[in-house]
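A look at the structure
Each chain, written out:
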Amino acid sequence: MKSDQRTVYVLGSARIPFVKSLTTYSSFTRKELMIAALNGLIKQYRLEGQLIGDTALGALMNSSADWNLARECLLSTALHPESPAYNVQRACGTSLDATWQIALKIFTGSISLGIAGGVDTNSDLPLEVSEELRTFLLGWQRAKGFKEKIKALRHFTPGSLLPKIPTANEPRTHLSMGQHCELMVQEWQIPREEQDQLALASHVKAAKAYQAGFFADLVHPFGGLERDGILRDNTSLAQLAKLKPAFDSQKGTLTAGNSSPLSDGAACVLLGNEQSAEKLGLKTLAKIIDVQVAAVDFVHGAGLLMAPTKAVSWLLERNQLRFQDFDYLEIHEAFAGQVLCNLKAWESAKYCQEVLGRTTPLGAIDRQRLNVVGSSLALGHPYAATGARIVGTLAKLLAQDKNKRGLISICTAGGMGIAAILESA
């Protein structure tokens, strides 16, 4: 049966292996990583010379020098050079938001084919000069004549040469995401062992998926790697239990083992309608049904990474669905503790009533359906690339069978969350 002409499909995806920051990709720029992922997509789906209606790409750790990042990346590929592109940024939800934006354009009929994606690398950090040095340099540039330049020199000190190193700390609380998550797991009383168990499960599932060849057409070789450098096939609960707390040395339960590491990588997805799929001779993998964003007031006490609970709740309510209606649940694993806090909140009658405005709790999810091929704890989390990774992964899972449905949930910096529903094509 023919679908509605406005139905939006995931037609394909591509990413490069994700690696721990300051390791394999230390000599590569963010543009080079993003271009590599795009080239993988172009090669696999024979897009050379193809005019793309629009492309949305983003990075959290971006530089002012890359103000035109998306377009510059596109111009470095074999896509038609008249294909437009623009930047997107919603922290860890960047490439899922980019997917949403491109999908909406296809839905309205303004374009028929688009690409969404993201890249991040902590190995190519955009260092900034200090405020003192900035003031001096601007004053020096404006100074006319010898006397004015000597006057400008009075504002210069050796200490002003120290650079400003960007961090992902919240500007309003000055706490890192890990520190905020520690507050959450203490509030929700999430044990350390339960966090380690979730982390171990992520590694086990991802390792099995690699062994089964699931990632063979999703992950494209780059930098001498063919698979994610963070994945550990041989880790165990005993090994995870030995790790020291990473954010609170006194009573913390978050460690390097149950937290996603600082990662480098890039990912992208190809979106289109039925007509563009037929024109390119591509199989439609999955339908994008709906997307929702939400935010919480973390500055005044709400858990920084609890916004997905609201986004998912609103999304399910609008589509009249329950957790039991989903075959796959892809919940981004920024931290094992963050996932477990969200799951516990959905089971809490008090939280669902007071925060989500529901008369009954959303309930428990089937853990057998959660992140079935692993997620960020095992595969890595290059902030802006994670959404596209998950969309591509879920689309492939849904394409393996008919009449399946998947849910995506991603927490982001700034106390936001974004969720999406995909179905088999």
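Right, let's walk through the structure included here. The shown structure was predicted, so the numbers you read here are calculated from the model rather than taken from an experiment.

Conventions used here
Residues numbered from 1 in each chain as written. Predicted model: local features only at pLDDT ≥ 70, side-chain atom pairs only at ≥ 80, totals over all residues. Heavy atoms only, no water. Helix = DSSP H or I, 4+ residues; strand = E, 2+ residues; numbered from the N terminus. Rg over C-alpha atoms; globule rule 2.2 N^0.38 Å. Buried < 20%, exposed > 50% of the residue type's maximum accessible area, 1.4 Å probe, protein only. Areas by Shrake-Rupley, 256 points an atom, 1.4 Å probe, with all protein chains shown as cover. Lys, Arg positive; Asp, Glu negative; His and termini not counted. Charge placed at Lys NZ, Arg CZ, Asp CG, Glu CD. Salt bridge = Lys/Arg side-chain N within 4 Å of Asp/Glu carboxyl O. Phe/Tyr/Trp six-rings, centres within 6.5 Å; stacked < 30°, edge-to-face > 60°. Lys NZ or Arg CZ within 6 Å of the ring centre and 35° of its normal. Pairing = 2+ DSSP bridges. Disulfide = S-S within 2.5 Å. Contact = heavy atoms within 4.5 Å.

Along its length, the chain carries 14 helices and 10 strands. Over its C-alpha atoms the chain spans a radius of gyration of 22 Å, differing by no more than 12% from the 22 Å that the globule rule assigns to 425 residues. By its C-alpha atoms, the chain is 80 × 55 × 45 Å across when sized along the principal axes. The burial tally for the chain puts 56% of its 425 residues in the buried class. Accessible surface, the chain: about 18900 Å² in total, of which carbon and sulfur atoms supply 53%. Computed over 44 positive and 40 negative side-chain charges, the inter-centroid distance for the chain is 3 Å.

On to the pattern of salt bridges, then. Tallied over the entire structure, the rule returns 15 salt bridges. The residue R30 makes a salt bridge to D124 at a minimum N-O spacing of 3.6 Å. Here the residue R30 occupies a position in helix α1 (residues 30-44), and D124 occupies one in the loop between β5 (113-120) and α4 (131-142), the gap between them amounting to 94 residues. On the basis of relative accessible area, R30 is assigned to the buried category, the value being 3%. Here E354 ties to K350 by a salt bridge, and the two come within 3.2 Å at their closest N and O atoms. With E354 and K350 both in helix α12 (residues 349-354) and 4 residues apart, this pair spans about one turn of that helix. Considered together, E354 and K350 belong to a single accessibility category, that of exposed residues.

What follows is about the packing of aromatic side chains. Within this structure, the stated rule accounts for 8 aromatic pairs. Judged by centre distance (6.0 Å) and plane angle (90°), the rings of Y25 and F28 are edge-to-face. With a relative accessible area of 0%, Y25 lands in the buried category. Here the basic side chain of K396 rests over the ring of F214, its NZ or CZ set 4.7 Å away from the ring centre.

A few words on the pairing of strand β1 (residues 9-15). In terms of burial, β1 is largely enclosed, as 7 of its 7 residues are buried. Across 6 bridges, β1 lies against strand β6 (residues 263-272) in antiparallel orientation. Directly across from S13, in β6, lies its bridge partner V269.

To continue, consider the state of the cysteines. According to the stated counting rule, one finds 0 disulfides in the structure shown. Free cysteine C181: the closest other cysteine sulfur is in C341, separated by 5.8 Å.

The next thing to look at is the side chain of R358. On the secondary structure map, R358 appears in the loop between α12 and α13 (376-379). E317 provides the closest opposite charge to the buried, unpaired R358, separated from it by 4.7 Å. Beyond its immediate chain neighbours, meaning those up to four positions away, R358 contacts S313, E317, C352 and Q353.

This part takes up unusual backbone geometry. For A91, which is not a glycine, the phi torsion comes out positive at approximately 50°. Within the secondary structure layout, A91 lies in the loop between β4 (86-88) and α3 (94-108). By relative accessible area, A91 is classed as buried at 5%.

Fair warning: the whole summary comes from geometry, so function is off the table for now.
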